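# Descriptive structure summary
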Amino acid sequence: MKGKLITLEGGEGAGKSTVLDALRTQLAQHGIDAVVTREPGGTPVGEAIRSLLLDPARAGLCAETELLLMFASRAQLVRELVEPALAAGRWVLSDRFTDASFAYQGGGRGQPLARIAELERWAAAGVRPDLTLLLDLPVDEGLARVRGRGPADRIEMENAHFFENVRDAYRARAVADPARFRVIDSSRPLAYVLAQVHDVVAAFLDANGAARAQGARP
Ligand code: Z5A
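This section reports on the structure supplied with the text. (Residues numbered from 1 in each chain as written. Predicted model: local features only at pLDDT ≥ 70, side-chain atom pairs only at ≥ 80, totals over all residues. Heavy atoms only, no water.)

### With respect to the pairing of strand E3 (residues 92-95)
The test is simple: Throughout, exposure labels follow a simple rule: accessible area from a 1.4 Å probe, protein chains only, divided by the maximum for the residue type, with under 20% read as buried, over 50% as exposed, and the rest as partly exposed. Segments assigned H or I by DSSP are reported as helices when at least four residues long, segments assigned E as strands when at least two residues long, and all are numbered from the N terminus. When DSSP locates at least two bridges between a pair of strands, those strands are taken to pair.
Going residue by residue along E3, you find Val92 and Ser94 tucked away on one face and Leu93 and Asp95 tucked away on the opposite face as well. With four bridges connecting them, strand E1 (residues 5-10) and E3 associate as parallel partners. Each bridged residue has a counterpart across the sheet, and for Thr7 the counterpart in E3 is Ser94. As defined by bridge partners, strand E2 (residues 35-38) adjoins E3 across four bridges and the pair is classed as parallel.

This is the structure we're talking about:
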């Protein structure tokens, strides 16, 4: 059985990292030892690209370079980690994936969506998540959560208008692909968010007969 790719998406401070841990635990309870990764990054080459992308000293990076570097990291991740894991029947959990490029480089930077779709087909080998959890919350609430946790990276230094466009782009993608996306209101208390995520993933596991296929512990 081919594995499944589950991705977490959302704006700043949406709670992706927090939710990812709970998700990994939930899958483990079903006997699924998921491969956990992140974007940009996830491979040695990707992590080097991530440092370049997030370095606040690289203020001159143009939008086209940013988009191509996101996909350079993704091309490496797909071939080195995601495709082999899925082919071996492993499940993969990724903190962001291609939807982030549509949201940040498309919505935020105004890069043409058709060009991003072409990169998705070519550089990302057409790999698409089986399930995407979009953690959605108002921009100012997300920014307030991450304020004060240290120096902002290059993208975090953008203004609220940029992040509003990112949020709109994410929500538009969720509306356009309701079979894949589940939108979670992450402005609610963490316990509520985690319960929602748990229910969504439980339904996904059920729908995919995952417990049986992966030999759930009794
Ligand atoms: N990027 C891009 O432009 N294009 C792409 O294709 C890709 C990425 C793949 C790096 O991403 C940057 O790259 C990112 C998008 C861009 N840009 N920025 N800026 P990243 O995922 O590594 O970094 P991030 O988005 O900045 O992560 P984050 O801000 O740390 O968000 P998070 O992981 O979603 O949040 P968190 O760390 O789990 O939670 C933040 C805080 O909120 C923390 O103190 C939690 O305890 C708290 N929290 C979480 N949930 C709650 C609830 N429900 N209530 C109250 N408090 C909460």
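### A word on the packing of aromatic side chains
Heads up, the rule is: Note on aromatic contacts: the rings of Phe and Tyr and the six-membered ring of Trp form a pair at centre separations within 6.5 Å, being stacked when their planes are under 30 degrees apart, edge-to-face when over 60 apart, and tilted otherwise. In this scheme, the term charge over a ring applies when either NZ of a lysine or CZ of an arginine sits within 6 Å of the ring centre and within 35 degrees of the ring normal.
Scanning the entire structure with this criterion turns up four aromatic pairs. Aromatic pair Tyr104 and Tyr170: ring centres 6.3 Å apart, planes at 85°, arrangement edge-to-face. Here the residue Tyr104 occupies a position in helix H4 (residues 98-108), and Tyr170 occupies one in helix H7 (residues 160-176), the gap between them amounting to 66 residues. The same class applies to Tyr104 as to Tyr170, namely buried. The interplanar angle of 85° and the centroid separation of 5.2 Å between the aromatic rings of Phe162 and Phe163 together place this pair among those described as edge-to-face. In this structure Phe162 comes out as buried when scored by relative accessible area, which is 4%. Overall, Phe163 belongs to the buried group, its relative accessible area being 5%. One aromatic cluster is present, formed by Tyr104, Phe162, Phe163 and Tyr170 through successive ring pairs. Sitting over the ring of Phe102, Arg173 keeps its end group 3.7 Å from the ring centre.

### A few points about the sheet that holds E3
The following threshold applies: In this description, a line fitted to the C-alpha atoms serves as the axis of each element, helices being fitted only across the stretch in contact, and the angle between N-to-C directions of two axes falls anywhere from 0 to 180 degrees. Residues count as neighbours in contact if any of their non-hydrogen atoms are within 4.5 Å of one another.
Spatially, five strands are ordered E2-E3-E1-E4-E5 in an open sheet, and the strand pairing comes out parallel. Pairing within the sheet leaves two strands with one partner each, and these edge strands are E2 and strand E5 (181-185). Averaged over all adjacent pairs, the angle separating strand axes in this sheet is 20°, with direction ignored. Together, E1, strand E4 (131-136) and E5 form the strand contacts of H4, whose direction differs from that of E1 by roughly 20°. On the sheet, H7 packs against E1, E4 and E5 and is oriented at approximately 140° with respect to E4.

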